[in-house]
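Below, each chain spelled out in residue letters.
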Amino acid sequence: MIRVLVADDEPLITAGIRTVLESAADIEVVAEAANGRAAVEAALGHRVDVALVDVNMPVLDGLSAIEELRGLVPALRTLVLTSFGTEPNVVRALRGGAAGFVLKSCAPDELIRAVRAAHGGDAYLSPPVTRLVLGMVTPAEVDRRREAAELLGALTPREDEVLRLLAEGMSNAEIGRGLAMSEASVKTYVSRILTKLNCSNRVQAALLVRDAGHR
């Protein structure tokens, strides 16, 4: 079972997410929290695999909660919950190691896919939303752009091809079809790329591509 924490200060949202997630045979909501501080305490008090954390919450905001959880429970996978208005700080969560984000208005099956992807060690990258998030990143400063370009320069041509498709939000299967590779080979390449770039997940790698000035 995938053990999930839902942190949102709107009871109806929390109840709806619980109902959706628990319709899946392999997911169980083991804790709920109405503010960021309670989310951190709940994650420490329960054996949680994935935490869905709202951006805007009282006491401790969701972004700070995600950063705290990253330090306290490194193995915990976090997904940002957002209405996706004008929230550029979502990028802060992704850079801090969040496994991705989901819209509160997403379809039930998408929410379940996101939780399963995060639990499986992957990032949830919905291509349309990912493009919007990457577009929210302000132009990189000169030093950051140079450092990102140097990191990408250490990749082999094949690794670079895989990374570019990854940054477009493609899954391993889609990358494999695009490059005529097996999904297992793509997974190996992605793992190698994340290690070389010192990224903890695919979203961070995609942001690094954006920092380097590549579209």
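For the structure, see preceding data.
Scoring rules and cut-offs
- Residues numbered from 1 in each chain as written.
- Predicted model: local features only at pLDDT ≥ 70, side-chain atom pairs only at ≥ 80, totals over all residues.
- Heavy atoms only, no water.
- Axes fitted to C-alpha atoms, helices over the stretch in contact; angles between N-to-C directions.
- Helix = DSSP H or I, 4+ residues; strand = E, 2+ residues; numbered from the N terminus.
- Parallel < 35°, antiparallel > 145°, perpendicular 65-115°, else oblique.
- Contact = heavy atoms within 4.5 Å.
- Nonpolar A, V, L, I, M, F, W, Y, C, P; charged D, E, K, R; others polar.
- Core = buried A, V, L, I, M, F, W, Y, C linked by side-chain atoms within 4.5 Å.
- Buried < 20%, exposed > 50% of the residue type's maximum accessible area, 1.4 Å probe, protein only.

K.L.:
Before we go on, may I ask you to explain the packing of helix H9 (residues 172-179) against helix H10 (residues 183-197) in this structure?
P.N.:
How two helices sit against one another is set out by the angle between their axes and by the gap between those axes. Contact geometry for H9 and H10: axes closest at 8 Å, N-to-C directions at 110 degrees. Our classification of the angle between H9 and H10 gives roughly perpendicular. Residues Asn172, Ala173, Ile175 and Gly176 of H9 form the contact with H10, whose participating residues are Glu183, Val186, Lys187 and Val190. Class assignment of the residues belonging to the contact of H9 with H10 gives a composition of four nonpolar, two polar and two charged.

K.L.:
Help me out: how do you make sense of the environment of Ala123 in this one?
P.N.:
Relative to the helices and strands, Ala123 resides in the loop between helix H5 (108-119) and helix H6 (127-136). Placed 46 residues apart in sequence, Ala123 and Arg77 show a C-alpha to C-alpha distance of 9.2 Å. Sequence-distant contacts of Ala123, defined by excluding residues within four places in its chain, comprise Arg77, Ala99, Ala117, Asn201, Arg202 and Val203.

K.L.:
Just to check I follow, could you spell out the nonpolar core for this structure?
P.N.:
Across soluble globular proteins, nonpolar side chains have a tendency to be buried as a group. Judged by nonpolar contacts, the single largest core of 28 residues is most densely connected at Leu5 and Val80. Elements with a minimum of two residues in this core: strand E1 (2-7), strand E2 (27-33), helix H2 (36-45), strand E3 (50-54), helix H3 (62-72), helix H4 (90-95) and helix H11 (202-211). Excluding residues within four positions of it along the chain, Leu5 makes contact with Ala31, Glu32, Ala33, Ala39, Ala42, Ala43, Val48, Val50, Ala51 and Leu52. Leu79, Ala99, Cys106 and Ala117 belong to the second-largest nonpolar core, a separate cluster that totals 23 residues.

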